[in-house]
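Overview (structure and organization)
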Protein chains: 2
Amino acid sequence: MMMQDRVSIREVGLRDGLQLISSRLDTEIKLDWIKAQADAGFAEIEVTSFVPPSILPQFADAKPVLEGAQDIDGLLPTVLVPNLKGAVLAMDAGARKINFVLSVSESHNMSNVRRSTDDSLAMLREVIAESKRRDTHSIGVALATSFGCSIEGDVSEARVANIAEQVALAGVEEINLADTVGYGDPVQIARIFRNLSKIVGTVPLAAHFHDTRGLGLANVMAAFEAGVRRFDAALGGLGGCPFAPGASGNIATEDTVHLFDRLGVATGINLDRLLDVRGRLVDWLSEERLEGRLFGAGPARRTAPGGA
Amino acid sequence: MMMQDRVSIREVGLRDGLQLISSRLDTEIKLDWIKAQADAGFAEIEVTSFVPPSILPQFADAKPVLEGAQDIDGLLPTVLVPNLKGAVLAMDAGARKINFVLSVSESHNMSNVRRSTDDSLAMLREVIAESKRRDTHSIGVALATSFGCSIEGDVSEARVANIAEQVALAGVEEINLADTVGYGDPVQIARIFRNLSKIVGTVPLAAHFHDTRGLGLANVMAAFEAGVRRFDAALGGLGGCPFAPGASGNIATEDTVHLFDRLGVATGINLDRLLDVRGRLVDWLSEERLEGRLFGAGPARRTAPGGA
C-alpha cells in the first residue's frame, strides 16, 4: 500500500439513507446535515434523488435541497436519477453531477425502475446527450446489484463487465459499482474491480457497499487494494433499497473514515467533527436504529498523533 | 487464495461472550449450547474459564461445564486460565487444551491478571512444566492487546514479536494474537502475522478479533491472507473485556462462517444449523443486545449450490 494514497468518501445518507426509513426530515434539517458534513471536510455529498414524490415522498424537496446545497462553498452536491425525466429535472435545478442508476440484474432493474437493463442503457445515452447539449453537467452511473441480486442470486461477472464497458463507451465520468443487497465478498470484489479497471480505460471507478452481512469494511479494504479510491458511505450506517428484501445498511461513514485514518490514508475529513454530526443524527432520526460501531466505542487511542 | 484452504473457527461465546454481560446462564443451558454448536460442526469450543468465582461468578461452574463438554463426541473443549492455579484446576478437571492468557501491554496485564508481563511469562513456563509432567494437556497462549491497548494506546510490534518468540520457545502448541480492544487494522494485522510466522517456527498462529470499531471481518480477511487458519468468534458477537473500556463485541461466529462460505473456504460448519443455535441464543440471553448482521439478513441467495 502506498501511504501517500488519498481516498474520496462520498456521503450518501441523505439519499440512500433516507430512501428506506419511515422517518421524514424537514428540508431545513437536511441542509443543516449537509452543511455540517461539508464543514467536516466532505467534498461530495449525494443530497437527494429526483424521483416522483408519489413513489418516494421523502425526496419531494429535491429541488430546494439541491439548490441549498449548491450554495455551500467547496461542496459538490450530487443527485441520483433513475430516468431521463429525473435527469432533466436535476439539470433544470442546476445539478453539476448526476448519478444515473441502473441494475446489472435484469429482474432488479425491472423492480427498481420498471424497464429492462437495455432500455436503461439506451436512456442513459439520452441523458448523456442532453447533458452535452447543456455542457454544465457531469454524468456518473451507479450499477446496482453488481455483486449479486436478492432476486436472481449470483450475477454474472461477464455481464457486469459488458455493461460497464457500454457505460464507459457512452461517456460517463464515473462508474460506481454497488453491492445493493450486501452479497459481495472481498475476493469477488477485488477480482471484479481489477477486471473492470482494464476495461473502462480512464473512467474512475467507485464502490458502494452495504453492510448487510457484516462484510462492508472488508469489502472496502478489498476494493481499495484493487485500486478503488472513491467510496460511498452513509452516516450511522443508514440505508437500504425498498425493492431488495433484507438489504439494509450502507457501510457507516464514520467507521469508514476511521478505517482510512488507521491506515494513514488521507480522506480530508475531520473525524471528530464527523462524530459530532453523528451525534446530531441521533436527534434528527430518533425513531431509527442507527448502525456503525465507532460512535459507541470512540476512536482508538493513539500513543502519539500520527504514531503507528 | 487457494480454494482448497480450510479454516478452523473456534467458538468463544461461552467464555469471552459471557465474561462481560450481566446475564447468567445455567450450566444445563451452557451444555445445551455447546452440544448444539458441536452438532453444527465445531471441532473446538472454548467452554469456560478457570478463574476465582469471586471475580467472575459466571464461571463458577467451570468444572461441570468442562466435564460435560468432554463427553461430547468429536469435540475438543478448551478453557482459558490466567494463572498457574487456574491451569492446575483445569488439568485436574481433565482439560485437554488449556489457553493461558497474558497481555503484551504491561498496563493491561497488570489490570487483567495483576502481575507484570514477565511474571506471566515465567508462570506460563511453570504451567507448561506442569502439563509436561502430566503428559495429557496441550497448552496454547493468548496474547491479549497484540494490536493496541486502551490504556497504553499503540503497542510496539517489536514487543509483540519478542513475547511471541519467548512463548514459542517455552513450548506452547498455539499462539493466539488477540485484538482485545478492537484497535487493529487490516494492514497492521497482516504485517504482524507475516512477521510472526517467520519467528515462531511451526507453532500455529490463531487470531482473536473484536468488532469494536467495525473492522472485525476486514481483519479476519487480512489475517487469512497472511496465512492464519485459526479464528476465534462468538455467536451473536457477544463479548468483551471487563478491564478494557469500550471493548465490546467479538466478531460474530455466524458472520465469520458466512464469509468463508462465500469464499469457498471449508469450515466444517453447517451454517443453517448454526443459525438455529443463534436463534436459541436470543431466548437464552433475552436481556442482551446481540450483534452480527447475518442472522437478521439471512445468507446470500445463490443461483446454484456452490456457484460463484
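Residues numbered from 1 in each chain as written. Chains lettered and ligands numbered in written order. Predicted model: local features only at pLDDT ≥ 70, side-chain atom pairs only at ≥ 80, totals over all residues.

1. Some remarks on unusual backbone geometry
Residue and element names in this part refer to chain B. Despite not being glycine, Asp-135 has its phi angle at roughly 65°, a positive value. Positive phi, close to 55°, is recorded for Thr-145, a residue that is not glycine. Thr-145 gets classed as buried once you count the C-beta atoms within 10 Å, which come to 29. (Buried ≥ 20, exposed ≤ 12 C-beta atoms within 10 Å, placed from the backbone.)

2. Some words on the packing of helix 4 (residues 84-92) of chain B against helix 6 (residues 117-134) of chain B
Residues and elements named next belong to chain B. Where helix 4 contacts helix 6, the axes come no closer than 9 Å and their chain directions differ by 20°. Taken together, helix 4 and helix 6 sit at an angle that is classed as roughly parallel. Of the two possible hands of crossing, helix 4 and helix 6 adopt the one that is right-handed. Contact residues: helix 4 offers Leu-84, Ala-87, Val-88 and Met-91, while helix 6 offers Met-123, Glu-126, Val-127, Glu-130, Ser-131 and Arg-134. Partitioning the contact of helix 4 with helix 6 into residue classes produces six nonpolar, one polar and three charged. (Axes fitted to C-alpha atoms, helices over the stretch in contact; angles between N-to-C directions. Helix = DSSP H or I, 4+ residues; strand = E, 2+ residues; numbered from the N terminus. Parallel < 35°, antiparallel > 145°, perpendicular 65-115°, else oblique. Left-handed = near helix turned anticlockwise from the far one by under 90°. Contact = placed C-beta atoms within 7 Å. Nonpolar A, V, L, I, M, F, W, Y, C, P; charged D, E, K, R; others polar.)

3. What to know about the interface of chain A and chain B
The interface is formed by 37 residues belonging to chain A together with 36 residues belonging to chain B. Residue assignment for the side of chain A that touches chain B shows that the elements contributing at least two residues are helix 8 (186-199), helix 9 (216-225), helix 10 (253-263) and helix 12 (294-297) of chain A. The leading source of residues in the side of chain A that touches chain B is helix 10 of chain A, at five residues. Per-class residue counts for the side of chain A that touches chain B are 15 nonpolar, twelve polar and ten charged.

4. Focus on the pairing of strand 4 (residues 97-103) of chain B
All names here are of chain B. Counting buried residues in strand 4 gives six out of seven residues, a clear majority hidden from the surface. In this sheet, strand 4 lies alongside strand 3 (residues 76-81) in parallel orientation, the contact comprising four bridges. If you follow Leu-80 over to strand 4, its bridge partner there is Asn-99. After leaving strand 3, the chain enters helix 4 and then returns to the sheet as strand 4, a path that is right-handed. In the sheet, strand 4 pairs with strand 5 (residues 138-144) via seven bridges, with the strands oriented parallel. Note on strand 5: the bridge partner recorded for Ser-103 is Ala-144. (Pairing = 2+ DSSP bridges. Right-handed = clockwise from strand over helix to strand, strands pointing away.)

5. Overview of the relation of the copies chain A and chain B
Here chain A sits on chain B after a turn of 180° about the axis and a move of 0.0 Å along it, with an RMSD of 0.0 Å. Taken together, the rotation and translation describe the operation of a two-fold axis. Within chain A, Ala-218 of chain A has its C-alpha nearest the rotation axis, a separation of 1.8 Å. Comparing interface residues between copies, 97% of those in chain A also lie at the interface in chain B; the contact surface is shared. (Least-squares fit on C-alpha atoms with pLDDT ≥ 70 in both.)

6. Quick notes on helix 7 (residues 157-170) of chain B
Residue and element names in this part refer to chain B. Here helix 7 contains 14 residues, and its C-alpha end-to-end distance of 20 Å stays within 8% of the 20 Å for a straight helix at 1.5 Å per residue. All of the buried residues in helix 7 are Val-160, Ile-163, Ala-164 and Val-167. Seen end-on, helix 7 carries its buried residues on one side only, within an arc spanning 100°. What points out from helix 7, more than 90 degrees from its buried face, is the exposed set Ala-158 and Leu-169. On its buried face, helix 7 sits against helix 6, strand 5, strand 6 (174-179) and helix 8 (186-199). (Expected span 1.5 Å × (residues − 1). Arc of directions from axis to C-beta.)

7. Points about the confidence of the model for chain A
Note that predicted coordinates carrying low pLDDT should not be read in detail. The pLDDT averaged across chain A works out to 93; a share of 94% of its residues lies at or above 70. Confidence estimates for the predicted assembly give a pTM of 0.94 and an ipTM of 0.92. (pLDDT = per-residue confidence, 0-100.)

8. A look at the environment of Leu-169 of chain A
In this fold, Leu-169 of chain A is placed in helix 7 (residues 157-170). A sequence separation of eleven residues divides Leu-169 of chain A from Thr-180 of chain A, and the C-alpha atoms of the two residues are 24 Å apart.

9. Description of the pairing of strand 7 (residues 205-209) of chain B
Residue and element names in this part refer to chain B. Most of strand 7 is tucked away, with five of its five residues classed as buried. One ladder, built from five bridges, connects strand 6 with strand 7; its direction is parallel. Of the residues in strand 7, the one forming a bridge with Ala-178 is His-208. In this view, the connection linking strand 6 to its parallel neighbour strand 7 by way of helix 8 has right-handed handedness. Relative to strand 8 (residues 230-233), strand 7 is paired through three bridges, and the arrangement is parallel.

10. Examining the environment of Gly-298 of chain A
By the secondary structure assignment, Gly-298 of chain A is in the segment after helix 12. Sequence separation between Gly-298 of chain A and Asp-272 of chain A is 26 residues, and the spatial gap between their C-alpha atoms is 9.6 Å.

11. So, helix 11 (residues 271-284) of chain B
Helical periodicity: at 3.6 residues per turn, an α-helix aligns residues three or four positions apart in one direction. Residue and element names in this part refer to chain B. Taking 1.5 Å of rise per residue, 14 residues should cover 20 Å, and helix 11 covers 20 Å from first to last C-alpha, within 8% of that figure. All buried positions along helix 11 are accounted for by Leu-274, Val-277, Arg-278 and Leu-281. All buried residues of helix 11 project into a common sector of 105° when viewed along the axis, lining one side. Across from the buried face of helix 11, at angles greater than 90 degrees, the exposed residues are Asp-272, Gly-279, Val-282 and Asp-283. Tucked into the core, helix 11 has its buried residues touching helix 2 (27-39), helix 10 (253-263) and helix 12 (294-297).

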